[in-house]
Structure formats: C-alpha cells, structure tokens
Amino acid sequence: MSYREKYDYAPGTILISKKGNFSLVVEGGKLFSLGWVDSISSQAGYLARNRQIFKVLNNKKYAFVEASGKILVPYYDHISWITELKNYDEMGNLIEIGEVSIVRNGDKCGLYSCDRGEEIVPLRYSFVEILPKSQIRLIDEKDRTEVYQWTKDFCIK
C-alpha cells in the first residue's frame, strides 16, 4: 500500500492519509476497522479504563471509537469529549465511575453512556451540561431547568 502521509499517532498506532482521508494502522499492522474517514483525533488516555480512544469525523458526523474498533459513541452531528462521572459513598470512597458524552443532532442535545452503549438522556433538550460532583443539568425547549445526580443506573426515557 502507498500512503501520502504516515506517522506515529498514539502508542501502538500509526495514522495514515490517502486522497484526503485518514485511517489508523493498529498493532499487528491491522487497518482500523472503520476504514477511511475524513478526520481522526485522539482523546488523551486519562479515562478510568485508560484506553486509546479516537474521535472520528466522517460525512459531517462524529463518533468515538477505541483502537480495537469498538464504537463507544455512534455518529452524531456533534459529540463532546468523553467525561468521567464518579460517585462516592458517605465516607468519600469511590464506588462507581461512568463515562459519558454530550451528543447533539440538529438543535437537540442528549447524553450518551459509553458504559451502557445507549443514550441515557434522549435528544430532546436544548442544552445539556455536566456540573461538578457528577451532576447533570438539562434545559428543555421552554427553558425549564432540571438537575440530576448521576448514578450508574441514571437514565431518562
């Protein structure tokens, strides 16, 4: 194969470019399972599970994908970087960690759980924000605000 550009990108991966599109070659020389896309950027490995995570742009839609090819967040018009939400018990001990991304299609926002592989807040809000102490603020189209405490079972349907 011949590529116009080739360079180390993240540990165990090489970013390649051909005709304005990009892909990754992962350990063992295997081509990234999504094939050729418009853009690939890396999220630093600070997340709980310390994985290689890539933000992919293709046909004006964004997704998050692990180097293994597992899709963490499917394609949306816009997605925020993945954020860790943490819960502590009364003694201050960490009891659970979750990974979420704020997602948007058109002018509607929601929240996607990477752990559960589903929208836990549907795309029906005008604004979604992650606040300190793992709280989630939702504003609907009538500017009504709701604030929730995240837990691993958190879900609005």
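Scope of this entry: the structure provided in the associated data block. (Residues numbered from 1 in each chain as written. Predicted model: local features only at pLDDT ≥ 70, side-chain atom pairs only at ≥ 80, totals over all residues. Heavy atoms only, no water.)

## Concerning the overall build of the protein chain
When helices and strands are tallied, the protein chain shows 0 helices and 16 strands. Residue burial in the protein chain is summarised as follows: out of 157 residues, 38% are buried. By sequence separation, contacts in the protein chain at least 24 residues apart represent 30% of the contacts at least 6 residues apart. Summed over all atoms, the accessible surface of the protein chain reaches about 8,800 Å², with 50% contributed by carbon and sulfur. (Helix = DSSP H or I, 4+ residues; strand = E, 2+ residues; numbered from the N terminus. Buried < 20%, exposed > 50% of the residue type's maximum accessible area, 1.4 Å probe, protein only. Contact = heavy atoms within 4.5 Å. Areas by Shrake-Rupley, 256 points an atom, 1.4 Å probe, with all protein chains shown as cover.)

## Some words on the side chain of Glu-96
Within the element layout of this structure, Glu-96 appears in strand E11 (residues 94-105). The side chain of Glu-96 sits in the buried core without any salt bridge; Lys-152 is the nearest counter-charge, 5.0 Å away. In terms of polar contacts, Glu-96 uses its side chain to reach the side chain of Asn-87, at 2.8 Å. Among the polar contacts listed, one links the side chain of Glu-96 to the backbone nitrogen of Lys-152, at a separation of 3.1 Å. With near-sequence residues (within four places) excluded, Glu-96 lies in contact with Leu-85, Lys-86, Asn-87, Trp-150, Thr-151 and Lys-152. (Lys, Arg positive; Asp, Glu negative; His and termini not counted. Salt bridge = Lys/Arg side-chain N within 4 Å of Asp/Glu carboxyl O. Polar contact = N/O pair within 3.5 Å; in protein donor to acceptor, adjacent residues only side chain to side chain.)

## Focus on the nonpolar core
Generally speaking, nonpolar side chains in soluble globular proteins are found buried as a group. Grouped together as the largest cluster of nonpolar side chains are 14 residues, with contacts concentrated most on Leu-111, Val-121, Val-128, Ile-136, Leu-138 and Phe-154. Taken together, the elements giving at least two residues each to this core come down to E11, strand E12 (108-113), strand E13 (118-125) and strand E15 (135-139). Setting aside residues up to four positions removed in sequence, Leu-111 forms contacts with Val-100, Ser-101, Ile-102, Val-103, Glu-118, Glu-119, Ile-120, Val-121, Val-128, Ile-130 and Ile-136. Formed by 10 residues, the second largest nonpolar core is a distinct cluster that contains Val-73, Ile-79, Ile-82 and Val-103. (Core = buried A, V, L, I, M, F, W, Y, C linked by side-chain atoms within 4.5 Å.)

## Describing the pattern of salt bridges
Applying the stated rule across the entire model yields 6 salt bridges. As a salt-bridge pair, Glu-84 and Lys-86 come within 3.6 Å of each other at their nearest N and O atoms. Judged by its relative accessible area of 18%, Glu-84 is buried. The class for Lys-86 is partly exposed, based on a relative accessible area of 31%. One continuous salt-bridge network, built from bridges that share partners, spans Arg-116, Glu-118 and Lys-157.

## Section: the environment of Glu-66
With respect to the helices and strands, Glu-66 occurs in strand E7 (residues 61-66). With a relative accessible area of 11%, Glu-66 lands in the buried category. Considering only alpha carbons, one finds Glu-66 and Gln-52, 14 residues apart in sequence, at a separation of 5.7 Å.

## Here's the deal with unusual backbone geometry
Phi is positive for Lys-133, which is not a glycine, with a value near 60 degrees. Structurally, the position occupied by Lys-133 is in the loop between strand E14 (127-131) and E15. Given the relative accessible area of 74%, Lys-133 is considered exposed. Positive phi is not limited to glycine here, since Asp-143 has a value of about 65 degrees. Take Asp-143: it is sitting in the loop between E15 and strand E16 (145-149).

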